[in-house]
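# Secondary and tertiary structure notes
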Amino acid sequence: MRLTAPETEPASTRARRHSLGRGNITDQAFKGLTLLVALSVLALAGLLVFELTKGSMLSIRTFGFGFLSSQHWDPVHQEFGVLPLVFGTLVTSLIAVILAVPISIGIAIFLTEVCPLPLRRPISFLVDLLAAIPSIVYGLWGLVVLVPWIRVTMGPSVQKPLGWFPLFGGPIYGIGVLAAGLILAIMIVPIISAVSREVISSVPQAQKEGMLALGATRWETVWKVVLPFVRTGLVGAVILGLGRALGETMAVTMVIGNRHEIVASLFSPSATMASTIANEFTEATYKLYISSLIEVALVLMILTLMVNILARTLVWRFTAKVKGERTL
Amino acid sequence: MPVLVTRFRQLRLARMCAVVTVVTALLLTSCGGSGPSSPNPSTPPLPTATSSQGATPAASTMPVTTTRSLNLTAAGATFPFVLYSKWVSEYNKLNPGIKISYNSIGSGGGKQQFSAQTVDFGASDSVMTDEELAGAKGRAVLQLPATLGAVVLTYHLPGIGKGLRLDPQTITDIVFGRVTKWNDPKIKALNPDLNLPNLDIAFVYRSDGSGTNNIFTDYLSAISAEWKGKVGAGTSVKWPVGIGAKGNEGVAGQVKQLPGSLGYVELAYAVQNKLGYAFIKNKAGNYIEPSFDSVSEAAAGAVIPDDFRAKIVDAAGSGSYPISSFTWLLVYKDNPNSARAQEIARFLWWGVHQGQAFCKDLYYAPLPTSLVQNEEQAILALTSSGQPLFQGGRQ
């Protein structure tokens, strides 16, 4: 509990605020310009939604809500339904998040609370580096290393005891829902861990010290003080990772098996919205086909937008909370 | 927090740049490193653009002294991209003023841009349908076969190289999921000498929309009424069974990894990568090894209509390989811009003659000579505002 002193403002700060507030003509122009640039981002987003909607009008008029509920994706007979793609997208992302979250938060806790100081920077750097690997490289690695491993080693050993359960049934090709989920998990670990690290390091030192002073172990400190304090921030981090997983295209396309089907087994091939667009857009040969693919993009964008808005809201709430607690 | 988010954006941007660079580099090397062959001098030298030949009809409409200079743009199919970019660079060596940029954006996109007249000529692995032709701003279109492609069935069976025999009935049964084991009596009956394993057949199809899909599904529609009714032909279809891999390399990679798998790839890709492929029973009842010659033979044996919109899958002829197709260049029969029209026609003329010499080195099958003669007539019939491009036609 610290006391703030709002009435004593340094003179330099006051001077700076004045020069920003009134300013001369160049300052006004500068303000206008930056405002314009900021608004252009909004305009761009609006334009994107507008164009996507315009492009998918034909498909929306033809299929209506049936587009969202139909399971058929048959370009030859001009039937398009997005449900299997939404399914594939959500399931692979869910697998990824389930696998990535404990690992990422573990990394974040290690780096902020446990890791010896000299190692902190190099390890953080390495984790960040993972985020910079192009997704096609992940895809290739998945195809050459992960997929055969699932087919030869992991798949059969899981199927032997659990094959009676539909989730683990069916033939094992290696490529499929599980391979896509695993690749996505690896791809979102750096994002989630980096954001979590940042969030966790914002926990006031005083809080942790207080807990330690009460005789708590390091584990108890992390579990009872640090994690509850940053809960919403961590959720935000997870959702940022989820946003990436939902939209990831290249690596998923390479390992998912690209079948427009709702499947029960983790080993079965499926398809995601992004992978379908990547696969089929270049050779979509007639207007309704193109329009349907654009509508897939629209659905994907709305989904991702919703996830991101959720993430931002949580992060804002979290930062507001931190500020509030600091000024107590 | 916001700082962090920004950093991720930067990372993502950096990654995208890296991908673009790598892809560009790959494209550059793949089209730059092609064979050292020279144009075949025995082909007729008609309206080629070389201004030294004063007697050509082209020269009568164009002063010999001016250096021709024009940029042409074209867009379309990805399958013939390697051949077209070779053509473009060779043609540019002969005619330094003429620069052609070919964008391999896919057949669908090629047709669209051509129809919208945003490019000088288009290219497509499938012909323009009557409906599409009607949408081409109301002008007559010449669809000119430029080269030939073929699709081969490749498989992964321990101890068995190329030469597994398959007939239309068995292929249909496999893609419908009715024949599921390699030692099925139907396959055994066709291959009494081979020791076929008791393995599941894992069918691998191409997930990306492609001319390869179009050719293969066209073939399946030609050999099976059931396929034609239930699934049909197209750049992407709803496959009854199997798993989808992206691109030739994706399918080949999957087949290479997965014992018991069966996939289909472009002939060029199979030859370059020395994949084992099947001999397919053709209409005449012979098992044909896919090769440039057997593909060209299919084109020679097929009946080609005047508008060149011919399917040559399941073609007649004793040595015809049955899963093959033309790929077409799309031009307007009448182009009001006379200078452009002339340069396009010259390039087409060069392509169907000298250009064919580059085919085999780049793993494409050349057009049969009988067809080239028909195409000559079609090119000579091109006009600009009603006026023939090459006055007096062929000398």
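Residues numbered from 1 in each chain as written. Chains lettered and ligands numbered in written order. Predicted model: local features only at pLDDT ≥ 70, side-chain atom pairs only at ≥ 80, totals over all residues.

Check the secondary structure of chain A and you find 13 helices and 2 strands. Relative to its full complement of 328 residues, chain A shows a buried share of 39%. In chain A, 76% of the contacts between residues at least 6 apart in sequence involve partners at least 24 apart. (Helix = DSSP H or I, 4+ residues; strand = E, 2+ residues; numbered from the N terminus. Buried ≥ 20, exposed ≤ 12 C-beta atoms within 10 Å, placed from the backbone. Contact = placed C-beta atoms within 7 Å.)

Turning our attention to the overall build of chain B. Counting its regular elements, chain B contains 14 helices and 13 strands. Counting across all 395 residues of chain B, residues that qualify as buried make up 47%. Here the analysis covers contacts within chain B between residues at least 6 apart in sequence; of these, 71% occur between residues at least 24 apart.

Residue and element names in this part refer to chain B. Phi angles above zero are rare outside glycine, and F308 is one such case at about 60°. Its place among the elements puts F308 in the loop between α12 (292–301) and β11 (324–332). Phi angles above zero are rare outside glycine, and Y363 is one such case at about 70°. Structurally, the position occupied by Y363 is in the loop between α13 (338–352) and α14 (369–380).

The next point concerns the packing of helix α5 (residues 117–131) of chain A against helix α7 (residues 177–200) of chain A. Residue and element names in this part refer to chain A. As a packed pair, α5 and α7 sit with axes 8 Å apart at the nearest point and diverge in direction by 135°. For the element pair α5 / α7, the angle class is oblique. Pair α5 / α7 crosses with left-handed handedness. Where α5 approaches α7, its residues S124, V127, D128, L130 and A131 are matched on the opposing element by V189, P190, I191, S193, A194 and R197. (Axes fitted to C-alpha atoms, helices over the stretch in contact; angles between N-to-C directions. Parallel < 35°, antiparallel > 145°, perpendicular 65-115°, else oblique. Left-handed = near helix turned anticlockwise from the far one by under 90°.)

The subject of this paragraph is the sheet that holds strand β6 (residues 202–206) of chain B. All names here are of chain B. If you trace the 8 strands from one edge of the open sheet to the other, you get β2-β1-β3-β11-β4-β8-β6-β7, paired in mixed fashion. Lying at the two open borders of the sheet, with one neighbouring strand each, are β2 (98–103) and β7 (243–245). Going from strand to strand, the sheet's axes swing by 25° on average, the running direction of each strand aside. Pairing analysis gives 6 bridges linking strand β1 (residues 70–76) to β2, with the strands arranged parallel. Bridge pairing links L70 to I98 in β2. Seen against the sheet, helix α3 (residues 81–94) touches β2, β3 (121–124) and β4 (141–155) and runs at an angle of roughly 170° to β2. (Pairing = 2+ DSSP bridges.)

On to the interface of chain B and chain A, then. Taken together, the contact pairs 34 residues of chain B with 33 residues of chain A. If you list the elements that add at least two residues to the side of chain B that touches chain A, you get α1 (2–32), α4 (107–115), β7 and α10 (247–257) of chain B. No other element matches α1 of chain B, which puts 7 residues into the side of chain B that touches chain A. Here the residues of the side of chain B that touches chain A sort into 14 nonpolar, 15 polar and 5 charged. (Nonpolar A, V, L, I, M, F, W, Y, C, P; charged D, E, K, R; others polar.)

Residues and elements named next belong to chain B. Spatially, the 3 strands line up as an open sheet ordered β5-β9-β10, and their pairing is mixed. Two strands bound the open sheet, and with one partner strand each, they are β5 (165–166) and β10 (287–288). Pairing of β5 with strand β9 (residues 279–281) involves 2 bridges; the strand directions are parallel. Counted as the bridge partner of R165 is F279 from β9.

A179, I183, I188 and V255 of chain A together with L348 of chain B are the most contacted members of the largest nonpolar core, which totals 175 residues. Counting residues per element, this core draws most heavily on α7 of chain A, at 17 residues. Sequence-distant contacts of I183 of chain A, that is, excluding residues within four places in its chain, are made with Y138, G142, L146, A251, V252 and V255 of chain A. (Core = buried A, V, L, I, M, F, W, Y, C linked by C-beta atoms within 7 Å.)

Residues and elements named next belong to chain B. Topologically, V119 is positioned in the loop between α4 and β3. Taking the C-beta count within 10 Å as the criterion, V119 has 23 such neighbours and is therefore assigned buried. Spatially, the C-alpha atoms of V119 and G135 are 15 Å apart, while their sequence positions differ by 16 residues. Look past the residues within four positions of V119 in its chain and what remains in contact with it is T73, A74, A75, Q113 and F114.

All names here are of chain B. With respect to the element layout, R165 can be found in strand β5. Overall, the presence of 17 C-beta atoms within 10 Å leaves R165 in the partly exposed class. Put simply, R165 and N191 are 26 residues apart on the chain and 6.1 Å apart in space, counted from C-alpha to C-alpha. Other than its neighbours up to four places away in sequence, R165 contacts L190, N191, A278, F279 and Y287.

Let's shift gears to the pairing of strand β8 (residues 261–266) of chain B. All names here are of chain B. Counting buried residues along β8, 6 of its 6 residues qualify, which places the element largely inside the surrounding structure. The pairing of β4 with β8 spans 5 bridges and is antiparallel. Within β8, the position partnered with Y155 by the bridge is L262.

On to α3 of chain B, then. If you check α3 of chain B, its first and last C-alpha atoms are 20 Å apart, about what 14 residues at 1.5 Å a residue would give, namely 20 Å. Residues of α3 of chain B that are buried: L83, Y84, S85, K86, W87, E90 and Y91 of chain B. (Expected span 1.5 Å × (residues − 1).)

Before going further, it helps to examine the packing of helix α4 (residues 83–114) of chain A against helix α10 (residues 231–247) of chain A. Residues and elements named next belong to chain A. Orientation of α4 relative to α10, taken along the N-to-C sense of each, is 140°, at an axis distance of 9 Å. Classified by the interaxial angle, the pair formed by α4 and α10 is oblique. For α4 against α10, the interelement crossing comes out right-handed. For the pair α4 and α10, the contacting residues are T89, S93, A96, V97, A100, V101 and I105 in the first and L234, V238, G241, L242, A245 and L246 in the second.

With that out of the way, let us pick up the confidence of the model for chain B. Of all residues in chain B, 82% attain a pLDDT of 70 or more, and the chain-wide mean is 82. Note that residues 16–65 of chain B has pLDDT below 50 and, in this model, 57 contacts with residues that lie over four places away or in other chains. (pLDDT = per-residue confidence, 0-100.)

Turning next to α5 of chain A. Given a rise of 1.5 Å per residue, 15 residues ought to cover 21 Å, and the 23 Å separating the end C-alpha atoms of α5 of chain A matches this to within 8%. Of all 15 residues in α5 of chain A, 1 are buried; the element is thus mostly exposed.

Quick look at the environment of F110 of chain A now. Note on placement: F110 of chain A falls in helix α4. As a C-alpha pair, F110 of chain A and V86 of chain A span 24 residues in sequence and 35 Å in three-dimensional space.

Before going further, it helps to spend a moment on the confidence of the model for chain A. Considering every residue of chain A, the mean pLDDT works out to 87; 90% of them sit at 70 or more. Across residues 1–6 of chain A, where pLDDT falls below 50, the model places 2 contacts with residues more than four positions away in sequence or in other chains.

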